[in-house]
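# What the coordinates show
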Amino acid sequence: MKEFAQQIENLCGEMNKDELTGFIKYHTRFYTAEKRSQFLEELSNFSLGSPMKELDDSTFEQLEELRDDILEYRESIDGILYYDEYNQEVIPNAVLDVHISILRKFFHHSDELFLSGSLEAARMLSSRLFCFLSEDEYLEERVDQILEDRGETTARYFRSVYESAPLKIRHRVLLDSMLTVSGETYDEDEPTLHDIISTREEEFSDYEEFMKSWCYLLAGGYAEREQVLLLEAMHMTRGIEGVIHLAQHWKEKQPRGYLYWIDILMQQEQWEQAVDASREALSALPAGTALRHIAASRMGEAASRLVNNNSSWEH
């Protein structure tokens, strides 16, 4: 969000009023009558100083009503046999599409609270919603249908946790929330600290003090996600040298250190250094492991890019 907003600001800064008006008319030309009416209302009411959204107590009551409705529905289908048009027995869904739609609206409301600046309210609602999902295995199975952008919504929740927590325990509260919602196993689709920072245009409050506590806390962690977050923190505070130090210290104990190092070099198109880092990883990681295979694949890609670049230069 932060990078996106900055790009919008840069592009709009280069356009005059007529160009901006022309873009809006062009962009909205295929809107339906209902969407045109909604857009005009939003445009006429727009103000940079618009008030923050509020969280109504009835929201939590409605959430409990939804929980009861889901449980009642499941009781109603328990023990009843259902058949399709071919007279084959079928198992009914444990969650109806209407339940998914309602939950999606709840999460949309938490996003609205966050984007309006009501971070404490966003934290309260998001926390309750993520608990709601974690307590129901059937809802967890359909989480990608509930969350339109899972990574963004989760990152916003973590940012609201960060901004709402007392400074002295902020690092611990944030990590607990991340491990609870995203799990201890690393998943590249789950947000990292960079994603959390990028959810708002506003600066990450008390950044330097937080990072000291954050690095110290993560250094004592054993979960895979904690170790990847530490790699990220080292890169943010000490540059690639911090990542290299961790990768060479961990070796086969946490092979993602090597992959993190290699991926940074690949992103920077430093192909020769990526080949060297991959070669070091292959010598340190046990044969037959999945991450060693990934390191070998990275080495092949980097070597190919290096050969192609050299061929183009010679030509």
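Up top is the structure.
Below you will find a few notes about this structure. (Residues numbered from 1 in each chain as written. Predicted model: local features only at pLDDT ≥ 70, side-chain atom pairs only at ≥ 80, totals over all residues. Heavy atoms only, no water.)

## Thoughts on the environment of His 109
Its location among the elements puts His 109 in helix 5 (residues 97-116). Along the backbone, His 109 and Lys 53 are 56 residues apart, and their C-alpha atoms lie at a distance of 9.3 Å. Excluding residues within four positions of it along the chain, His 109 makes contact with Glu 54, Leu 55, Thr 59 and Leu 125. (Helix = DSSP H or I, 4+ residues; strand = E, 2+ residues; numbered from the N terminus. Contact = heavy atoms within 4.5 Å.)

## Comments concerning the pattern of salt bridges
Per the counting criterion, the structure on display carries 16 salt bridges. As a salt-bridge pair, Glu 135 and Arg 67 come within 3.1 Å of each other at their nearest N and O atoms. Here Arg 67 lies in helix 4 (residues 58-77) and Glu 135 lies in the loop between helix 6 (119-134) and helix 7 (137-141), a separation of 68 residues in the sequence. Look at Glu 135 and you get exposed, because its relative accessible area is 56%. Judged by relative accessible area, Arg 67 falls into the partly exposed class, the value being 21%. In the salt-bridge network here, residues are joined through shared partners; they are Glu 64, Arg 67 and Glu 135. (Salt bridge = Lys/Arg side-chain N within 4 Å of Asp/Glu carboxyl O. Buried < 20%, exposed > 50% of the residue type's maximum accessible area, 1.4 Å probe, protein only.)

## A short note on the packing of aromatic side chains
Per the stated rule, a full pass over the model turns up 8 aromatic pairs. When the centroid spacing of 3.9 Å and the interplanar angle of 15° are considered together, the rings of Tyr 162 and Phe 204 count as stacked. Within this pair, whereas Tyr 162 is found in helix 9 (residues 150-164), its partner Phe 204 is found in the loop between helix 11 (193-197) and helix 12 (207-219), the two being separated by 42 residues in sequence. The exposure class of Tyr 162 is buried, given its relative accessible area of 0%. What makes Phe 204 buried here is its relative accessible area of 6%. Between Tyr 258 and Trp 261 the ring centres are 6.2 Å apart and the planes differ by 25°, which places this aromatic pair in the stacked class. Taken as a pair, Tyr 258 and Trp 261 lie in helix 15 (residues 256-267) at a separation of 3 residues, close to a single helical turn. (Phe/Tyr/Trp six-rings, centres within 6.5 Å; stacked < 30°, edge-to-face > 60°.)

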